[in-house]
Amino acid sequence: MELYLHIPFCVRKCKYCDFLSFPMENETMGAYGNALLRDVKKASAQYSEEKITSIFFGGGTPSLLPAEAIPTLLSSIRDGFVLTNDCEVTVECNPGTLTEEKLQAFYAAGVNRISMGVQSADDGELRTLGRIHTFAEAVENFHLARKVGFDNISVDVMMALPGQTPASYKETLERIIALAPEHISAYDLIVEEGTCFYDWYEREPEAFPTEECSCEMYRMTQRELTKAGYEQYEISNYAKPGRRSRHNYGYWSNVPYLGLGLGASSYIGNRRFRNTDDLKQYLQGNLYIEDTILSERDMQEEFFILGLRRREGITEDAFVKRFSADTYSVYEKVLCEKEKQGLVEKTKGGYRLSEEGILLSNTVFVALMDAEKENKEKM
Amino acid sequence: MAEFDRSKIRNFCIIAHIDHGKSTLADRIIEKTGLLTSREMQAQVLDNMDLERERGITIKAQTVRTVYKAKNGEEYVFNLIDTPGHVDFNYEVSRSLAACEGAVLVVDAAQGIEAQTLANVYLALDHNLEIMPVLNKIDLPSADPERVMNEIEDVIGLEAHDAPRISAKSGLNVDEVLEQIIEKIPAPGGDARNPLQALIFDSVYDPYKGVIIFCRIMEGSISTETRIRMMATGAEADVVEIGTFGPGKFLPCNELSAGMVGYITASLKNVKETQVGDTVTDARRPAPEALEGYKQVHPMVYCGMYPADGAKYPDLRDALEKLQLNDAALQFEPETSIALGFGFRCGFLGLLHLEIIQERLEREYDLDLVTTAPSVIYHVYKTDGTMLEVTNPSNLPDPSEIEHMEEPIVGAEIMVTTEFVGAIMKLCQERRGVYLGMEYMEETRALLKYDLPLNEIIYDFFDALKSRSKGYASFDYDLKGYQVSELVKLDILINREEVDALSFIVHAETAYERGRRMCERLKDEIPRQLFEIPIQAAIGSKIIARETVKAMRKDVLAKCYGGDITRKKKLLEKQKEGKKRMRQVGNVEIPQKAFMSVLKLDNED
């Protein structure tokens, strides 16, 4: 089982962000830390059988917490759960909130992976995004983490930003590659409802790159990172050999996970559930708001929607092991049809998205979800 | 009740231009005559379909009987027959009028006479009704009762200086209307001893009672013992129940006699047997002849209606059958389209009738529909000397077999304030109108007369008229006849395949413009797909316009982690639902609304 801990605090909200996070006073942060400790204890009693293969402190900005917070949480996790020897422990960090002291505390507590939100090498673009740091500060933080001893660092970059050009993005990629992180997540900007960017997009869509331009940036990412020795293992994720994010990879591979903290999601057995995102309720211990029991069909759909995000795609074996050969043939019909359209390609034991299919993956997913409907009609 | 003195009965209707306050006045009359307290009144009692309330128009004729105690101390029975308020239902209106002795003409004291006011007045005069003008909305700041009074006298030639000046909304001076109804509108004639002649002015289908005939007894009487016969359709049945109308309910009685208005049920299953305008007589003692004025109504406008979900075809058929029980003017027959699958070609009295049926199918029967462009009935004269009536462009014979074609022409009257005369004349010219003349109502308003091809007004003429006159123009029309016209079939090709549901028949001169605009509109409506899609307009094999939908290059969710999965899946669900509302034509997916959006192409510049 994987463990996710959500830290919903930021110095300030970025203009594109629709994650659950907000600026926070110290007292509330303390109370929140205690609530997390409370939930770690409760969960460890409930899931005492489970071995923990990865832990991810995500946000928000976990690195905003006082230096001792994460070590305290980690030691409580170790007290209550059994961790595998090679357990991956990641902390999401944002430049501008990191100090050597914090990094050392993380390192000493057994954090073995840092995920850093660098986003762009262009300070103008960083300002547009509403980030609190310059690229130089990000680089400094990166070197600091190296100095402390972290040998597994991931860097986030963003493309298709307003004002971004293929040239400026290429420079970002080059400068990130020069840092030589073990892992790079390269995301297309998603304009989400309720964000500043959404209003901006409504007002002035021409300020944002065209579909053609963002395709170009995506292909550039693939090209440049592959050239630099990274392997693309998911739609937006690239890693040096052996350095994939085990935690994230689990999400696409049907590994159960338990989410702790405000608004955190869990997937255990055939249930997906989510904690409340009302801070007051959460602090009082009223946790759950959403609970979905997945049907057989839901799980089949997720098998494809998530599994095909991985570059290696899905295998027939994995499907048949969980479901049945009969139903596989129903989905396979759709996959064959998509293969003819050039969106999907055969692998040794199954299928994966083709190069072209990656960028049109929703088309493939929707068709697979439709296949399920035919399936229902048959049954 | 049968012994009620005929001289104490008043049968009347209220006529008005749309929005001049007809239904509100009807409500006030019902309220004032004590049938309902105002608390029991829902606004506009008589408009009882949701759709009627929302649109503020009357679609079906409604009738109510109330008892009014006049200032002279006598009690009078008022039968108020509320008539449909739209040109599409002119025939129903004329039958309702024939059931009355008088009409209360409501004129908005601010807006004055409108095109429909005139059309209704002429119709009422045709039936020799006593017309009693009423000036409504005098509480509006813009009301000018003096001016409107003069207008009524000058334009219509009705004495109007003692017309009650009322506010139907507040109830101001409505008593005066009631008193004048007694004074001015004559009591009904007829003789209860004559053979039965009852005029059907409406009929509705009720799942429990079967067909309910709304009628006015012109001669003779009817009782629960009577066996009735419809003189035009020949249908016969034994009476089950007769009675009069309370607001929102039926009040059974034992006998209805000459002069009275009421209803009859007789276990009849279909309103087709009880057509509006037909005469009900006593099968055992029939009247020598039917009442005048019966005619069968024929649809003027046709379109294809298809279920969005092909599996709902039987549901659509059932729904149309049910609506037809209540609406003898609605026609439909099965048809198939390559693009849309199985559906029905439906005939309507006019565009409003079409819209009403479409909305009722969608709301009351929960059906998602795709409708094709409305068409009129074209007369196609073939080289072999035969004539073909075509309502579906797909059925047009090969051009080599066509000698010539004719299209229906209407006589249109448009009333508009003088500042917009230019804009409206331009519109009529664009729509191939032939100018017949213009009359000034007063200094600021004019009545424009045009002959217009019906196929030019069934798309968006009414919208264009409203937008180009800032809402001030009003419009009425009458079918005049057929005229030779140079018509062509315009086809739309999507990804080089002809989409039959988008074809239509158009005048040769406007074909290029229409083709170009349709391509532009379709380009906006059809989402990008995996490949480039050419959209072409063609006449025969000649392409006259082209647009291109570029290929979709990117449709991907950049992020999908543990907390996103449920939400991202919902996004995909939504996309899937959207796909369901698409029609697969060849290998192109066309959204259903694309089929309808091309109907509204007026561009004002």
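Computed from a predicted model, the values in this text were never measured in an experiment.

**Some details on the overall build of chain A**
Tallying secondary structure elements over chain A gives 15 helices and 15 strands in all. Sorting the 379 residues of chain A into buried and exposed places 55% on the buried side. Considering only intrachain contacts with a sequence separation of at least 6, the fraction spanning at least 24 residues in chain A is 69%. As displayed, chain A offers around 15,700 Å² of accessible surface, 50% of which is attributable to carbon and sulfur atoms.

**Concerning the packing of helix α3 (residues 100–108) of chain A against helix α5 (residues 135–148) of chain A**
Residues and elements named next belong to chain A. The interhelical angle for the contact between α3 and α5, taken along N-to-C directions, is 40°, at an axis separation of 9 Å. Here α3 is positioned oblique relative to α5, judged by the angle of their axes. Where α3 crosses over α5, the two elements pack in a sense that is right-handed. When α3 is examined against α5, the residues Glu-100, Leu-103, Gln-104 and Tyr-107 are found in contact with a partner set consisting of Asn-141, Leu-144, Ala-145, Lys-147 and Val-148.

**Overview of the interface of chain B and chain A**
Taken together, the contacts link 27 residues of chain B with 39 residues of chain A. Summing both partners gives a buried area of about 3,200 Å² for chain B against chain A, and 56% of it is carried by carbon and sulfur. Considering only the side of chain B, the residues that lose the most area to chain A are Arg-553, Lys-554 and Tyr-561 of chain B, jointly responsible for 21% of the buried surface there. The interface formed by chain B and chain A includes eight salt bridges. Taken together, the residues of the side of chain B that touches chain A break down into ten nonpolar, four polar and 13 charged.

**With respect to the sheet that holds strand β18 (residues 341–348) of chain B**
Residues and elements named next belong to chain B. Pairing in this open sheet of four strands is antiparallel, and the strands run β17-β18-β16-β19 from one edge to the other. The strands lining the two open edges of the sheet, one partner per strand, are β17 (331–337) and β19 (369–371). The sheet shows a mean angle of 30° between the axes of neighbouring strands, taken without regard to direction. Where strand β16 (residues 301–307) meets β19, three bridges bridge the pair, whose relative direction is antiparallel. If you follow Met-305 over to β19, its bridge partner there is Thr-371. Contacting β16, β17, β18 and β19, helix α7 (residues 313–326) crosses the sheet at an angle of about 15° to β18.

**Here's the deal with the sheet that holds strand β9 (residues 227–230) of chain B**
Within a sheet, adjacent strands bond to each other through the backbone by hydrogen bonds, running parallel or antiparallel. All names here are of chain B. Strand order in the open sheet formed by eight strands is β10-β9-β15-β6-β7-β14-β11-β12, with antiparallel pairing between adjacent strands. Each end of this open sheet is capped by a strand with a single partner; those strands are β10 (236–238) and β12 (249–253). Across this sheet, the average inter-strand angle for adjacent strands is 40°, counted without regard to direction. Pairing of β9 with β10, which is carried by three bridges, proceeds in the antiparallel orientation. Each bridged residue has a counterpart across the sheet, and for Arg-227 the counterpart in β10 is Asp-238. Packed onto the sheet, helix α3 (residues 90–98) meets β6 (197–206) and β7 (210–219) and runs at close to 130° relative to β6.

**Details of the pattern of salt bridges**
Residue and element names in this part refer to chain A. Scanning the entire structure with this criterion turns up 55 salt bridges over all chains. In this structure, the salt-bridge partner of Arg-38 is Asp-39, at a minimum N-O distance of 3.0 Å. Judged by relative accessible area, which is 28%, Arg-38 ranks as partly exposed.

**Concerning α3 of chain A**
All names here are of chain A. All of the buried residues in α3 are Lys-102, Leu-103 and Phe-106. Along the axis of α3, the buried positions cluster into a sector of 95°, meaning they face one direction only. Seen from the buried face of α3, the exposed residues on the opposite side, beyond 90 degrees, are Glu-101 and Ala-108. Against the buried residues of α3 lie α2 (69–80), β3 (82–93), β4 (113–119) and α5. Gly-110 lies just past α3 and shows a positive phi near 100°.

**Re the confidence of the model for chain B**
Residue and element names in this part refer to chain B. Averaged over every residue, the pLDDT of chain B is 86; residues scoring 70 or more account for 92%. Below a pLDDT of 50 lies the segment residues 37–48, which in the model reaches 31 contacts outside its immediate sequence neighbourhood of four places, other chains included. Under the prediction, the complex receives an ipTM of 0.90, its pTM being 0.68.

**Notes on the nonpolar core**
In terms of nonpolar packing, the biggest core is built from 118 residues, with Leu-5, Ile-55, Phe-57, Ile-77, Phe-81, Phe-106 and Phe-304 of chain A touching the most fellow members. Here Phe-304 of chain A is in contact with Ile-314, Phe-319, Tyr-328, Tyr-331, Leu-335, Phe-365 and Leu-368 of chain A, once residues within four sequence places are set aside. Core analysis: the next-biggest nonpolar cluster, separate from the first, contains 83 residues, Ala-308, Cys-346, Ile-494 and Val-585 of chain B among them.

**Here we look at the packing of aromatic side chains**
Using the criterion set out here, one finds 38 aromatic pairs over all chains in the structure. Look at Phe-319 of chain A and Phe-323 of chain A: their rings are 4.8 Å apart centre to centre, the planes differ by 50°, and that puts the pair in the tilted class. A relative accessible area of 12% means that Phe-323 of chain A is categorised as buried. Arranged with centres 5.4 Å apart and planes meeting at 55°, the rings of Phe-319 of chain A and Tyr-328 of chain A form a pair that is tilted. One aromatic cluster is present, formed by Tyr-187, Tyr-233, Tyr-249, Tyr-251, Trp-252, Tyr-257 and Tyr-267 of chain A together with Tyr-561 of chain B through successive ring pairs. The ring of Tyr-282 of chain A has Arg-38 of chain A sitting right over it, with the charged end atom 5.4 Å from the ring centre. Between Lys-559 of chain B and the ring centre of Tyr-187 of chain A, over which it is positioned, the NZ or CZ distance is 4.4 Å.

**A closer look at unusual backbone geometry**
Residues and elements named next belong to chain A. Cis peptide bonds are those with omega within 30 degrees of zero, and the linkage from Gly-59 to Gly-60 qualifies with 15°. For Gly-60, the position within the fold is in the loop between β2 (51–59) and α2. In the Ramachandran plot, Gln-119 falls in the positive-phi region, its phi being about 70° despite a non-glycine side chain. Here Gln-119 is to be found in strand β4. According to the relative accessible area criterion, Gln-119 is buried, its value standing at 5%.

**Here we look at the side chain of Lys-554 of chain B**
Mapping Lys-554 of chain B onto the fold places it in the loop between β30 (542–549) and α13 (565–580). Within the structure, the side chain of Lys-554 of chain B is placed 2.2 Å from the side chain of Asp-188 of chain A, a separation counted as a polar contact. At a separation of 3.0 Å, a polar atom in the side chain of Lys-554 of chain B contacts the side chain of Ser-214 of chain A. Not counting residues up to four positions away in its chain, the partners in contact with Lys-554 of chain B are Asp-188, Glu-211, Ser-214, Cys-215, Leu-359 and Leu-360 of chain A.

Calculation rules
- Residues numbered from 1 in each chain as written.
- Chains lettered and ligands numbered in written order.
- Predicted model: local features only at pLDDT ≥ 70, side-chain atom pairs only at ≥ 80, totals over all residues.
- Heavy atoms only, no water.
- Helix = DSSP H or I, 4+ residues; strand = E, 2+ residues; numbered from the N terminus.
- Buried < 20%, exposed > 50% of the residue type's maximum accessible area, 1.4 Å probe, protein only.
- Contact = heavy atoms within 4.5 Å.
- Areas by Shrake-Rupley, 256 points an atom, 1.4 Å probe, with all protein chains shown as cover.
- Axes fitted to C-alpha atoms, helices over the stretch in contact; angles between N-to-C directions.
- Parallel < 35°, antiparallel > 145°, perpendicular 65-115°, else oblique.
- Left-handed = near helix turned anticlockwise from the far one by under 90°.
- Buried area = accessible area lost by both parts, 1.4 Å probe.
- Salt bridge = Lys/Arg side-chain N within 4 Å of Asp/Glu carboxyl O.
- Nonpolar A, V, L, I, M, F, W, Y, C, P; charged D, E, K, R; others polar.
- Pairing = 2+ DSSP bridges.
- Arc of directions from axis to C-beta.
- pLDDT = per-residue confidence, 0-100.
- Core = buried A, V, L, I, M, F, W, Y, C linked by side-chain atoms within 4.5 Å.
- Phe/Tyr/Trp six-rings, centres within 6.5 Å; stacked < 30°, edge-to-face > 60°.
- Lys NZ or Arg CZ within 6 Å of the ring centre and 35° of its normal.
- Polar contact = N/O pair within 3.5 Å; in protein donor to acceptor, adjacent residues only side chain to side chain.

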